[in-house]
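The residues making up each chain are set out below.
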Number of protein chains: 2
Amino acid sequence: MSVGIKISLNDGLYLRDPQDSDLGRNIIKYSIILIDEFGIESFTFKKLAIKINSTEASIYRYFVNKHILFLYLVNWYWEWVNYLIRINTMNITNSKAKLGIIIHSFVAASNENPLVEYVNESRLQRIVNSEGMKVYHTKDVDAENSKGFFKSYKDLAYAVSAVIMEVNPSFKYPYTLATNLFEMTNNHIFFAQHLPRLTDASIVDNENDEVENMLNYFVEKLLA
Amino acid sequence: MSVGIKISLNDGLYLRDPQDSDLGRNIIKYSIILIDEFGIESFTFKKLAIKINSTEASIYRYFVNKHILFLYLVNWYWEWVNYLIRINTMNITNSKAKLGIIIHSFVAASNENPLVEYVNESRLQRIVNSEGMKVYHTKDVDAENSKGFFKSYKDLAYAVSAVIMEVNPSFKYPYTLATNLFEMTNNHIFFAQHLPRLTDASIVDNENDEVENMLNYFVEKLLA
DNA sequence: TCATTAACAATAGTAATACTATCATTAATA
DNA sequence: TATTAATGATAGTATTACTATTGTTAATGA
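Residues numbered from 1 in each chain as written. Chains lettered and ligands numbered in written order. Predicted model: local features only at pLDDT ≥ 70, side-chain atom pairs only at ≥ 80, totals over all residues. Heavy atoms only, no water.

A. Fine view of the overall build of chain A. A tally of regular secondary structure across chain A gives ten helices and zero strands. Each helix (α) and strand (β) of chain A, taken in turn from the N terminus, gives the series α-α-α-α-α-α-α-α-α-α. Computed over its C-alpha atoms, the radius of gyration of chain A comes to 18 Å, within 12% of the 17 Å expected for a compact globule of 224 residues. Along the first, second and third principal axes, the C-alpha set of chain A runs to 55 × 35 × 35 Å. The proportion of buried residues among the 224 residues of chain A is 56%. The long-range share in chain A, meaning contacts at least 24 apart out of those at least 6 apart in sequence, stands at 68%. By element, 50% of the accessible surface of chain A is carried by carbon and sulfur atoms, the whole surface being about 9,500 Å². The centroid of the 22 positive side-chain charges in chain A is displaced by 5 Å from the centroid of its 26 negative side-chain charges. (Helix = DSSP H or I, 4+ residues; strand = E, 2+ residues; numbered from the N terminus. Rg over C-alpha atoms; globule rule 2.2 N^0.38 Å. Buried < 20%, exposed > 50% of the residue type's maximum accessible area, 1.4 Å probe, protein only. Contact = heavy atoms within 4.5 Å. Areas by Shrake-Rupley, 256 points an atom, 1.4 Å probe, with all protein chains shown as cover. Lys, Arg positive; Asp, Glu negative; His and termini not counted. Charge placed at Lys NZ, Arg CZ, Asp CG, Glu CD.)

Written out as C-alpha cells, the structure is:
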C-alpha cells in the first residue's frame, strides 16, 4: 500500500485507475522504463506483463491498448509540468521571470523532486522529448480530442500563453509561442543528442543549459 | 513507360529503385494515397499490394519494410522542398525576400507544379505535416543517421540557415531557426486543423496564409 | 462465519501483421 | 534461342494485439 499525491487525469484514459493498486502502479512504473529503453514501437503489453510478473489480460483491464497507455503517460507529464509551473511561479510577480521559470520547467523538469515513487520523471521526460508528439499525430486525434484526451496540453498552452500576454500584451501569437516553446524543447534536446546538424544547441554533461539559453533568447527577441 | 525528372535519393533507402519501374512507381503513388487516407499506423504492405494488384512479396523487393518506405517518401518531400527553394530563390538577390520564399515553400509546397506524375505532392505534404516527424523520432535514428538517411533534411536545414545568416550574420541560432520554421509549419498546419487551441492560426478555404504570416512575423522579430 | 464479490493469474484461442521462402510465368536481353 | 530479371502466386512462420474462460485468493458484508 502506497500513499502520496495523486495526479488527476482524464478518466477516459483508463478502464481501472492504475494509481489505485499495486498492479496499476507497476504498470505505470515499468511501462515508463520499457518505453524509455526500447521505444514505443517495440513496446508490447506482453513484454510488460513478463517484466512485472503479470499477464497481458491483467494489463488490458487497466488500459484498452498501448496507445492509450502511452497517452496516459504523456498526459501525466503534461500535468506534471503544469504542476511545476504553478508551484514555481506562485510567488513570482515579475512576468519575465515567470516565463524563465516556465522554460526551465520544460527543459529541466526531470531535475525536480519526484512527485510519486512509481514515476521516474527523468525517464518520462526523455520519452516525451523523443516520442511524445506521436500521441496526437495520428488519425484518431479528432475522436480523442473530443473525449478531452489532450486537455492537459491545452491547459499548459493556456497557462503559458497567459504569461506571454503578461510580458507583451500586444503579441499576436501567444498560443503558437507557448506550444512552440514546448515542442522546441523536445525537438532540440532530441536533435542535440541524435541529429546535431539540425540544431545549434548541444548537451554537455547531460545538462540542457544550451537549449534553455536558446529558448530564452528566442522569447526575449519575440516579445521585445 | 514514363519519362521525366528523377529525384535523387539515398540508395540505401530502397532495395530496387522504385522510380525505374511501373511497379515501383505504383508503390510510391499508392502508398502516398493510402498513408494520406488511413495514416501510417494502419498502412500495411498487404493493403498496398491489394490496392495495386500486386503482392506483399513484390513490394518487399523494393523496400525492406514500411518504415523505410515511409522514410523514402519523407525524404522525397525534403528533396522536393530543397528543389523548390533552389529554383525559386535562384534569381533573387534580397535575402529577406529569399527567406519569404523559403517560408512560402514550407507552407504551400503542394501548390507548386507537380514534378512527376506518380507523386501527389498535395497528399505528400499532408502526410509530412501530420506524421513526418515520426521518421526520426525512433530508437533507430542513430543507426539510420549514420547511413545518411536524414541527409536531405540536413541539407534543407543548411540551405535555410545560410539565408538566415545572410539576413542577420550575428544571429546565434541559424540551424535551430531553420528546422524550427519547418517543424512549426508542420505542427501549426496540423494544429489549426485538429487541435486549434494549440495555435493562433487557422486554415481558411484550405489555404495556409495565416500560418505563413505567422512564420514571417516570427522570423522578422527574431532576425531584427 | 459464510457467502459474495473484486482483482488477478493462468490458459487458450483468434485474426492480423510483418515478414521469408519457393516456384512458376513472362518479358527483356544477350 | 537460351538466359536472366522482374513479377506473381502461394504457403508458411513468429509476433502482435487482442478476447474469452476458468480458477484462486483476499477483502467485504450480512
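B. Broad picture of the relation of the copies chain B and chain A. Of the transformation placing chain B onto chain A, the axial shift is 0.0 Å and the rotation is 180 degrees, giving an RMSD of 0.0 Å. Between the two chains, the operation in question is that of a two-fold axis. Mapped onto chain A, 100% of the interface residues of chain B are again interface residues, and the two copies thus contact each other with one and the same surface. (Least-squares fit on C-alpha atoms with pLDDT ≥ 70 in both.)

C. Geometry of the interface of chain B and chain A. The partner chain A presents 50 residues to the 50 residues of chain B that form the contact. In total, chain B and chain A occlude about 4,400 Å² of area from one another, counting both sides; carbon and sulfur atoms represent 63% of this. For the pair chain B and chain A, the interface holds zero salt bridges. Examining the composition of the side of chain B that touches chain A, we find that 13 residues originate from one element, helix α9 (residues 174-194) of chain B, more than from any other. When grouped by side-chain class, the residues that make up the side of chain B that touches chain A number 24 nonpolar, 14 polar and twelve charged. (Buried area = accessible area lost by both parts, 1.4 Å probe. Salt bridge = Lys/Arg side-chain N within 4 Å of Asp/Glu carboxyl O. Nonpolar A, V, L, I, M, F, W, Y, C, P; charged D, E, K, R; others polar.)

D. Representation of the protein's contact with DNA strand C within the structure. As a matter of local geometry, DNA strand C sits amid 17 residues, with R16, S54, S58 and Y62 of chain A together with Y60 of chain B nearest to it. Atoms of DNA strand C within 4 Å of the protein: sugar and phosphate make up 61%, bases the balance. Between DNA strand C and R16 of chain A, the relevant distance is 2.9 Å, taken from a phosphate oxygen to a side-chain nitrogen or oxygen of the residue. S58 of chain A places a side-chain nitrogen or oxygen 2.7 Å from a phosphate oxygen of DNA strand C. Per-element accounting of the surface near DNA strand C gives the leading share, three residues, to helix α3 (residues 56-60) of chain B. (Near = heavy atom within 4 Å. Polar contact = N/O pair within 3.5 Å; in protein donor to acceptor, adjacent residues only side chain to side chain.)

E. Main features of the protein's contact with DNA strand D. Around DNA strand D, the surrounding shell holds 17 residues, and the nearest of these are Y60 of chain A together with R16, S54, R61 and Y62 of chain B. For DNA strand D, the backbone portion of the atoms within 4 Å of the protein, that is sugar and phosphate, comes to 60%. In this structure, a sugar or linking oxygen belonging to DNA strand D sits 2.8 Å away from a side-chain N or O atom of Y60 of chain A. Y62 of chain B is positioned such that a nitrogen or oxygen atom in its side chain is 2.6 Å from a phosphate oxygen of DNA strand D. Among the elements that line the surface near DNA strand D, the one with the most residues is helix α3 (residues 56-60) of chain A, at three residues. Split by residue class, the surface near DNA strand D holds five nonpolar, seven polar and five charged.

F. Structural detail: unusual backbone geometry. All names here are of chain A. Phi at D205 takes a positive value of approximately 55 degrees, unusual for a residue other than glycine. Unusually for a residue other than glycine, N206 sits at a positive phi of about 65 degrees. Within the secondary structure, N206 sits in the loop between α9 (174-194) and α10 (209-223). Taking the relative accessible area as the measure of exposure, N206 reaches 63% and is therefore exposed.

G. The arrangement of the packing of helix α5 (residues 95-108) of chain B against helix α10 (residues 209-223) of chain B in detail. Residues and elements named next belong to chain B. Across the interface, α5 lies against α10 with an axial gap of 10 Å and an inter-helix angle of 145 degrees. Remark: the crossing between α5 and α10 carries right-handed chirality. Of the residues in α10, those in contact with L99, G100, I103, H104 and V107 of α5 are V211, E212, L215, N216, V219 and L223. Among the residues forming the contact of α5 with α10, the class breakdown is seven nonpolar, three polar and one charged. (Axes fitted to C-alpha atoms, helices over the stretch in contact; angles between N-to-C directions. Left-handed = near helix turned anticlockwise from the far one by under 90°.)

H. Just α10 of chain B, in detail. Between its terminal C-alpha atoms α10 of chain B stretches 21 Å, which fits the 21 Å expected from 15 residues at 1.5 Å a residue. Residues V211, E212, M214, L215, F218, V219, L222 and L223 of chain B constitute the buried set of α10 of chain B. Take α10 of chain B and look down its axis: the buried residues cluster within an arc of 160 degrees, on one side only. Check the buried side of α10 of chain B and you find it contacts α9 and α10 of chain A together with α5, α8 (151-167) and α9 of chain B. (Expected span 1.5 Å × (residues − 1). Arc of directions from axis to C-beta.)

I. Up close: the side chain of N208 of chain B. All names here are of chain B. Mapped onto the fold, N208 is located in the loop between α9 and α10. At 3.1 Å, the side chain of N208 and the backbone oxygen of V107 are in polar contact. The contacts of N208, once residues within four sequence positions are left out, are V107, Q125, I189 and I203.

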